[in-house]
Protein chains: 2
Amino acid sequence: MRARHFPPILFVVAIVSILAFSRPPATTGADPDDGIPLVDYVRPFVGTQGEGNTFPGAAAPFGMIQLSPDTEKELWETASGYEYSDSSIIGFSLTHLNGTGIPDLGDILFVPGVGTPKFIPGSKADPDSGYRSPYSHEDEEASPGYYRVRLLNSGVDVELTAADRAGMLRLTYPASDSAFVLVDLSHVLRWNVVWSNVRVENDSTITGFHLVNGWAKERYVYFAARFSRPFDDYGIVKDGKAVQYDTYRFRSRSEATGKSLQFHARYKTRRGEPIMIKVGISAINTANAMKNLEAEIPDWGFERVRAETRGKWNRELGRIRIEGSREEKETFYTSMYHLFLAPNVYQDATGEYRGFDQNVHRADGWTNYAIFSLWDTYRAAHPLLALIQADRDADMINSMLAHYDQSVEHLLPVWSLQANETWCMIGYHAVPVIVDAYLKGVKGFDAERAYDAIRTTAMNPNYDNVAAYARLGWVPFDKENESVSKTLEYAYDDYCAARMAKALGKADDYEYFMKRAGSYRNIFDPAFDLMRGKDSQGAWRAPFDPHRYVEGGDITEGTSWQYTWYVPHDVEGLIALMGGKERFVRKLDSLFVSRAEESKGVDDIQGRMGEYWHGNEPSHHIAFLYCYAGEPWKTQKLVREIMRTQYGNKPNSLCGNDDCGQMSAWYIFNAMGFYPVCPGSDGYAIGSPSVKKAVMSLSNGNTFTTIAENLSERNVYVQSVTLNGEKWNEPFLPYDEIKNGGRIVFTMGPKPK
Amino acid sequence: MRARHFPPILFVVAIVSILAFSRPPATTGADPDDGIPLVDYVRPFVGTQGEGNTFPGAAAPFGMIQLSPDTEKELWETASGYEYSDSSIIGFSLTHLNGTGIPDLGDILFVPGVGTPKFIPGSKADPDSGYRSPYSHEDEEASPGYYRVRLLNSGVDVELTAADRAGMLRLTYPASDSAFVLVDLSHVLRWNVVWSNVRVENDSTITGFHLVNGWAKERYVYFAARFSRPFDDYGIVKDGKAVQYDTYRFRSRSEATGKSLQFHARYKTRRGEPIMIKVGISAINTANAMKNLEAEIPDWGFERVRAETRGKWNRELGRIRIEGSREEKETFYTSMYHLFLAPNVYQDATGEYRGFDQNVHRADGWTNYAIFSLWDTYRAAHPLLALIQADRDADMINSMLAHYDQSVEHLLPVWSLQANETWCMIGYHAVPVIVDAYLKGVKGFDAERAYDAIRTTAMNPNYDNVAAYARLGWVPFDKENESVSKTLEYAYDDYCAARMAKALGKADDYEYFMKRAGSYRNIFDPAFDLMRGKDSQGAWRAPFDPHRYVEGGDITEGTSWQYTWYVPHDVEGLIALMGGKERFVRKLDSLFVSRAEESKGVDDIQGRMGEYWHGNEPSHHIAFLYCYAGEPWKTQKLVREIMRTQYGNKPNSLCGNDDCGQMSAWYIFNAMGFYPVCPGSDGYAIGSPSVKKAVMSLSNGNTFTTIAENLSERNVYVQSVTLNGEKWNEPFLPYDEIKNGGRIVFTMGPKPK
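Treat the numbers as computed from the prediction; the structure is a model and nothing was measured.

## Section: the overall build of chain A
Secondary structure summary: chain A contains 18 helices and 36 strands in total. Expected size for 753 residues packed as a compact globule is a radius of gyration near 27 Å; at 26 Å, chain A falls within 12% of this value. Considered along the principal axes of its C-alpha atoms, chain A spans approximately 85 × 65 × 50 Å. For chain A, buried positions account for 66% of its 753 residues.

Below, the structure is given as structure tokens:
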């Protein structure tokens, strides 16, 4: 690490950083160029407008609690609960999904106000019909671990900050005889609260929980909330009616159960008086929620929590440090920020966590994580975590193995969500995550145990027609939907399983899975040079329209024209099937100009360049295939174009669902100039770096630096590469060249070389 | 204990008893007269017909699991789920309430059958419309810890037995290709399952839970069930439809969540083949349910479990041993049996239990109990447990104190039901339970802590207008329903609080509560010589009909004419108010001939002798008041008449709800010749014993024997009494004369003496 000079003012910042973050300056994440802490480059609003489905609220890295404003609770398109274009806020809930395509979470809503509280949210068209409040982006700000907005209906300033399992709200009221805080336990995004309870534990503390039947079909969220001032008065509303003692026989007004519960605390406030609420959550019970709260926020230090979380972010963001323009840095560090929002810690301070069997387990020596959007994140998000967050990646794998142990189906997670399996999407992509981590030297999980889970999962005869696939060599479309996509993704997953079998010395398994890895060939129709559905008798799907998406058809969220390219583990084989590199390239070129028929079910996938749809994951590896076909300059041009057009620092900059960081991870890799086309393999394809310099601190302690000389917006083509000073002629970068640290230097130019 | 001879055949029985029960013969509970084990006198069907609301199934003493057939799941009148007059059985569920007036429990139903299973219960009128089956009492038997019935629709013999937290079903099938066991998780008596899940853990094990919003508003029951044979096939039905993988994307057929779930195991059976199921329950999670199961029933020894539980019952029943006719013994030991069915252990084998705050707590060094029907059981049931089950009574008190600690209202339980408070009935009758135990020398709870809870409860300003009562001296009827009954019961409870305050040396508290204990005087209207509602201005209720029950009026489940007698702690004071013993007796006589107006709300209270209604608790102490007024012979005549007419050994023998053993405890005390008119005071009123001899093994190790000389059906009057050989002239028996053991001998005759 090179020595630096601090101008006086920045020196103060550095000192504060040292004090606040308790780390040496080298890891505070202050940019060596401009002295601005990396955390200040993050724009949490990126992706909140349109398809990104991110949220702007306050969260710690991989935090269990993620407090954020909700503007929408019904629409599928607003899966995170916040849409930048909305002009009113429902309230502030405790948990959120980053960038998924399906809504859930948004648990337990806090709403401050003045006047007579309303106990329903009200509508966007008429916010005043409920507790919804108009707000203005002028009076709103967000940074990692902090969010602030002014609610225009009441003049209350709301500030949010978050530790790992507990967060705080600071509510600054106008002078009022009728200030209130409403807590709506019936609030959840999109789905249904099937049960809840609330208890007023004392004059300033409530606890409660709700059970949600949502995308996760049985999900428990417990909370404990302490208020900085004793309630002047309080009440509970159930099904729209006040819970009160009716002088017949006693009925507690301090506790209630049901499907629709609201608690409200009432205050007389002085002008500008802050009322703070600290709230802990747990998936197990309210006692643990309280323990989480007391462990993380023992006092009322809102600014302390904010500073600590800011420090955590700064450190995490510093795992890759870039040089570049302000916009590039904002885009890059926001991508890092989004990548580090999920998967989430899902374990209490006690070490206990709720397992997939809904029992309480204890993670001894590791941390349990939840929310695995694996169909997305196996592609680039986990491969990046394996490099720069290896300890967490190992624990994510330990979490998947625990899930496997607790699974009645004996399956690794498919799309698991807080002690539930949504069975969303296809494949068994926990396999590439584990294998890639193993082959990249991630320590901290038991490889033999992991392989056993991989093998059992990949052999599970009950899952999505894997048995027929194993027998026939393809998933027959007359037996199973999305048969082409499943065949292709199974084949890739099997390649990964084979790689791990080989590494563990299991030669028979290696042979078996490598054979299955070649299954893609069985559905390649040479008549079209395309992947095509085949039934259990071996007959091709007819009629066959390769540009058309059919719901329940052979392709997952796309077309045959797109999915045909999904042979990441054997691009050479695919090239051969297509008759060589020239024909392969010609066909690949056509992808970026052809058009799919518009169809319901994929109409919300944006980021389109012809039939290449960057807004959805099946396209993510495609631009790099030119590297395999001898025309890497096309890759270079494309990835720079994608970075330029599909990413940015604005609320509407994300062209598709961030998908728990996959979209962001794509950007991060590519900004550095390479991309893991085939996680579980040895290397990466080289693209075209978009930033001048990137210094990646590997989890193994080494540092890998990428430098782009002569970089400009026009200079998208790689002219030459040196790796540790040696000329490098391949458009691929092996992991072995990264792991020991080093330096790759790209020399860029305006024309292909 | 006297020496005995065993005839050879009985000697074998004794040996078997020794082996089976691992106790010396003295405690095996074999009757010294006839050698028949006491357990064989129990008639579990007593109280199953009509108002008794008992259940005939299999349970261990105070057991957490109580497996029993359900014939009815909707009617309030069949609170235990079983009505002897019903001719069809729905199935066999795992938990039951003994003798309450409101249904709940009946959790998780097991139904064997053959053919195509139906997934709805069907109706009594047309059992074949569902899984209901006709049955015959000819083919049904029940004994403590064991129940058997033949289901006539399928020919399956069902046998049930129970350990403490786990039980077994032995299902003997005909030869069938389509035998099944259905498990209906949506089954609960009367109320609603709001959520449930089920998991097929392996080829012969399922786990699951349901959450019930019932009388207990949020109640969790988890279970784990192992089947003795792997399923030939199985399925889950949700909302009437099979849960199955539909080849779109994977859906597990081995787990489901929802409100209406049924699991069915399918078998091919040989004729007479038994399939056994062992099932454990827990209020915490399925892992604990499994631990309970494995701890208590590690093997498939149905007969072992049955014998062990039979042994436990025999020992518990032996705490009082009587001589008498077979009918008397059956009535007596059945009463003992019913008394020992509740409160129930509510704690897992791990020591963990679900508390009133729904958190998991650990009871270290004590056992947590649940189901406290305190308005009933404080009268005689707990006073009897204090004598012969002191350790359990102490832990019941520890359980109440834990409830208090966990109560947001800072109240001891009123009518608590498995980690819930139903707020059923009136008063704060945990107080007399605790005080009576304390004054009777029950050890094992912290007296100062208990008193603190008593004081806080009795001073709680939020509860049922206690604050107004404390201020005014009565509960004002314009502010609170049931004001007369509440005033009277509060005053009695306060007397108990005062007694404990005095014992602990809290003189001021003693004075304070003794003053409140005199509050009954404030609502005594000398114009009527009756208790009468008074409003907050001191005006009497008008119009005033002392023989009429008014729903929401001044009296709880009865009339002023009945409740006027409720001054158990100061009968002398009541006599004085009424102008002396003669007028008191004249009025009391009239109770047994007057008639209440028939009114809705009390029309189901039976056991009527004039306006004395033995079928409900407010009358239970009244017959003994003659003892205080110089005419104990009237008490003697009445109690013998009540025992003769309101109790017995037949299904319809119980005239009223057993109310968790209170009706039974009344009988047990009276069979021995005395009754606790005022628990928390020093003694008992002497009645008229109905059995020749009763030997009560006190928990302190001493033995108290009652002997009735010259006893016959006509000889109901006590001619003379000796206590330890000394003549005894008082119609009261002080606790001090019992606690050290001893012998009371009644000489009976046909005429009052």
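Picking up where we left off.
## Topic: the pairing of strand β15 (residues 233-238) of chain B
All names here are of chain B. Two strands pair when backbone bridges link them, and β15 and strand β18 (residues 261-269) are joined in this way by 6 bridges, in the antiparallel orientation. By the bridge assignment for β18, Asp 233 is matched with Arg 266. Adjacent in sequence and paired antiparallel, β15 and strand β16 (residues 241-242) are bridged by 2 residues, among which Asp 239 carries a positive phi angle near 50°.

## Quick look at helix α3 (residues 302-317) of chain A
Its 16 residues place the ends of α3 of chain A 22 Å apart at the C-alpha level, agreeing with the 22 Å of an ideal helix rising 1.5 Å per residue. Listed as buried for α3 of chain A are Phe 302, Val 305, Thr 309, Gly 311, Trp 313, Asn 314, Glu 316 and Leu 317 of chain A.

## Details of the sheet that holds strand β32 (residues 703-709) of chain A
Residue and element names in this part refer to chain A. One open sheet holds the 6 strands; their spatial order is β20-β31-β32-β36-β33-β34, and the pairing between them is mixed. Every other strand in the sheet has two partners, leaving β20 (320-323) and β34 (726-727) as the edge strands with one partner each. In terms of strand pairing, strand β31 (residues 693-697) meets β32 through 5 bridges, oriented antiparallel. For Val 695, the partnering residue across the bridge sits in β32 and is Thr 705.

## With respect to the packing of helix α7 (residues 390-405) of chain A against helix α8 (residues 430-439) of chain A
All names here are of chain A. Following both chains from N to C, one finds α7 and α8 inclined at 140°, their axes separated by 10 Å at the closest point. Taken together, the axis directions place α7 and α8 in an arrangement best described as oblique. Read as a crossing pair, α7 and α8 show a hand that is left-handed. Residues Asp 393, Ile 397, Met 400 and Leu 401 of α7 pack against Ala 430, Val 433, Ile 434 and Ala 437 of α8. Broken down by class, the residue content of the contact of α7 with α8 amounts to 7 nonpolar, no polar and 1 charged.

## Observations concerning the relation of the copies chain A and chain B
Superposing chain A onto chain B takes a rotation of 180° plus a shift of 0.0 Å along the axis, which leaves an RMSD of 0.0 Å. Taken together, the rotation and translation relating the two chain copies correspond to the operation of a two-fold axis. Rotation axis and chain A: the residue whose C-alpha lies nearest the axis is Val 194 of chain A, separated from it by 3.4 Å. By residue overlap, the copies meet face to face through one surface: 100% of the interface positions of chain A are interface positions in chain B.

## Brief notes about the pattern of salt bridges
Enumeration over the complete set of coordinates arrives at 104 salt bridges over all chains. In this structure, Arg 249 of chain B engages Glu 482 of chain A in a salt bridge whose closest nitrogen and oxygen atoms are separated by 2.9 Å. Taken together, the positions of Arg 249 of chain B in the loop between β16 and β17 (255-258) and Glu 482 of chain A in the loop between α10 (466-472) and α11 (483-503) put the pair across two chains. A relative accessible area of 13% places Arg 249 of chain B in the buried class. Here Glu 482 of chain A falls in the buried class, since its relative accessible area comes to 3%.

## Some remarks on the packing of aromatic side chains
Residues and elements named next belong to chain A. A full pass over the atoms with the stated rule returns 97 aromatic pairs over all chains. Relative to Trp 415, the ring of Trp 215 lies with its centre 4.5 Å away and its plane at 50°, an arrangement referred to as tilted. Placement of the pair is Trp 215 in the loop between β13 (205-213) and β14 (219-227) and Trp 415 in the loop between α7 and α8, with a sequence separation of 200 residues. By way of ring pairs, the aromatic residues Tyr 41, Phe 332, Tyr 333, Phe 624, Tyr 647, Trp 666, Tyr 667, Phe 669, Phe 674, Tyr 675, Tyr 684 and Phe 704 are connected into one cluster. Lys 278 extends its terminal NZ or CZ atom over the ring of Trp 300, reaching a point 4.5 Å from the ring centre.

## A short note on the environment of Ile 426 of chain B
Within the element layout of this structure, Ile 426 of chain B appears in the loop between β26 (415-416) and α8 (430-439). Among the residues examined, Ile 426 of chain B registers a relative accessible area of 1% and is labelled buried.

## Concerning the side chain of Asn 398 of chain B
All names here are of chain B. Its place among the elements puts Asn 398 in helix α7 (residues 390-405). The class of Asn 398 is buried, set by a relative accessible area of 7%. Each residue touching Asn 398, except ones within four places of it in the same chain, is listed here: Trp 366, Gly 444, Phe 445 and Arg 449.

## As for the state of the cysteines
Residue and element names in this part refer to chain B. Counting across every chain of the model gives 0 disulfides over all chains. This cysteine, Cys 424, is not joined by any disulfide, and Cys 660 carries the nearest cysteine sulfur, 10 Å off. Looking at the unpaired Cys 655, the closest cysteine sulfur is the one in Cys 660, lying at 16 Å. Residue classification places Cys 655 among the buried positions, given a relative accessible area of 8%.

## Considerations on the environment of Arg 150 of chain B
Residue and element names in this part refer to chain B. When you line up the elements, Arg 150 lands in strand β8 (residues 146-151). By relative accessible area, which is 32% here, Arg 150 ends up partly exposed. Each C-alpha atom, one on Arg 150 and one on Gly 99, is 25 Å from the other, the two residues being 51 residues apart in sequence. At 3.0 Å, the side chain of Arg 150 forms a polar contact with the side chain of Asp 157.

## Comments concerning helix α6 (residues 381-388) of chain A
Among the 8 residues of α6 of chain A, 8 are classified as buried, and the element is accordingly described as predominantly covered. For α6 of chain A, the full list of buried residues reads Ala 381, His 382, Pro 383, Leu 384, Leu 385, Ala 386, Leu 387 and Ile 388 of chain A.

## Considering the environment of Val 695 of chain B
Residues and elements named next belong to chain B. Turning to its location among the elements, Val 695 is positioned in strand β33 (residues 693-697). Here the alpha-carbon distance between Val 695 and Met 672, two residues 23 residues apart in the chain, equals 8.9 Å. Every residue in contact with Val 695, bar those within four places of it in the chain, is listed here: Arg 319, Ile 320, Arg 321, Thr 703, Phe 704 and Thr 705.

## Quick look at the interface of chain A and chain B
On the chain B side, the residues contacting the 51 residues of chain A number 51 residues. Interface of chain A and chain B: buried area, both sides summed, is about 4200 Å²; carbon and sulfur atoms make up 47% of it. Where chain A meets chain B, there are 4 salt bridges. The closest approach of N and O atoms between Lys 217 of chain B and Glu 255 of chain A, which form a salt bridge, is 3.9 Å. Counting every contact that joins chain A to chain B gives 31 residue pairs in polar contact (both at pLDDT 80 or more). When contributions to the side of chain A that touches chain B are tallied by element, the ones reaching two or more residues are β12 (192-202), β13, β17 (255-258) and α2 (286-296) of chain A. With 7 residues, β12 of chain A is the largest single contributor of residues to the side of chain A that touches chain B. Tallied by class, the residues present in the side of chain A that touches chain B amount to 19 nonpolar, 16 polar and 16 charged.

## What to know about the sheet that holds strand β14 (residues 219-227) of chain B
All names here are of chain B. A sheet is described by the order of its strands in space; here 9 strands give the open sequence β7-β8-β9-β10-β19-β14-β13-β12-β17, paired in antiparallel fashion. This sheet does not close on itself; its edge strands, each paired only once, are β7 (140-143) and β17. The average angle at which neighbouring strand axes cross in this sheet is 15°, direction not considered. In this structure, β7 lies alongside β8, joined through 4 bridges in antiparallel fashion. Within β8, the position partnered with Ala 142 by the bridge is Tyr 147. Contacts from helix α2 (residues 286-296) reach β10 (166-173), β13 (205-213), β14 and β19 (273-282) within the one sheet, and its direction differs from that of β14 by about 50°.

## Here's the deal with the pairing of β32 of chain A
Residue and element names in this part refer to chain A. Summarising burial for β32: 5 of the 7 residues are buried, a large majority. Linking β31 back to β32 in an antiparallel pair, the connection comprises 5 residues, with Gly 701 at a positive phi of about 100°. Bridge count between β32 and strand β36 (residues 742-749): 6 bridges; the pairing is parallel. Bridge pairing links Ala 708 to Phe 746 in β36.

## Points about the side chain of Asp 86 of chain B
Along the chain, Asp 86 of chain B falls in the loop between β2 (66-70) and β3 (88-89). Here Thr 71 of chain B takes part through its side chain, which lies 2.7 Å from a polar atom of the side chain of Asp 86 of chain B.

## A closer look at unusual backbone geometry
Pro 343 of chain A follows Ala 342 of chain A through a cis peptide bond whose omega is -10°. With respect to the element layout, Pro 343 of chain A can be found in the loop between α4 (326-339) and β21 (344-345). Notably, Arg 190 of chain A is not glycine yet its phi reads approximately 75°, a positive angle. Its identity as a non-glycine residue notwithstanding, Asn 53 of chain B has a phi of 60°, on the positive side. Classification of Asn 53 of chain B as buried rests on a relative accessible area of 4%.

Cut-offs and rules
- Residues numbered from 1 in each chain as written.
- Chains lettered and ligands numbered in written order.
- Predicted model: local features only at pLDDT ≥ 70, side-chain atom pairs only at ≥ 80, totals over all residues.
- Heavy atoms only, no water.
- Helix = DSSP H or I, 4+ residues; strand = E, 2+ residues; numbered from the N terminus.
- Rg over C-alpha atoms; globule rule 2.2 N^0.38 Å.
- Buried < 20%, exposed > 50% of the residue type's maximum accessible area, 1.4 Å probe, protein only.
- Pairing = 2+ DSSP bridges.
- Expected span 1.5 Å × (residues − 1).
- Axes fitted to C-alpha atoms, helices over the stretch in contact; angles between N-to-C directions.
- Parallel < 35°, antiparallel > 145°, perpendicular 65-115°, else oblique.
- Left-handed = near helix turned anticlockwise from the far one by under 90°.
- Contact = heavy atoms within 4.5 Å.
- Nonpolar A, V, L, I, M, F, W, Y, C, P; charged D, E, K, R; others polar.
- Least-squares fit on C-alpha atoms with pLDDT ≥ 70 in both.
- Salt bridge = Lys/Arg side-chain N within 4 Å of Asp/Glu carboxyl O.
- Phe/Tyr/Trp six-rings, centres within 6.5 Å; stacked < 30°, edge-to-face > 60°.
- Lys NZ or Arg CZ within 6 Å of the ring centre and 35° of its normal.
- Disulfide = S-S within 2.5 Å.
- Polar contact = N/O pair within 3.5 Å; in protein donor to acceptor, adjacent residues only side chain to side chain.
- Buried area = accessible area lost by both parts, 1.4 Å probe.

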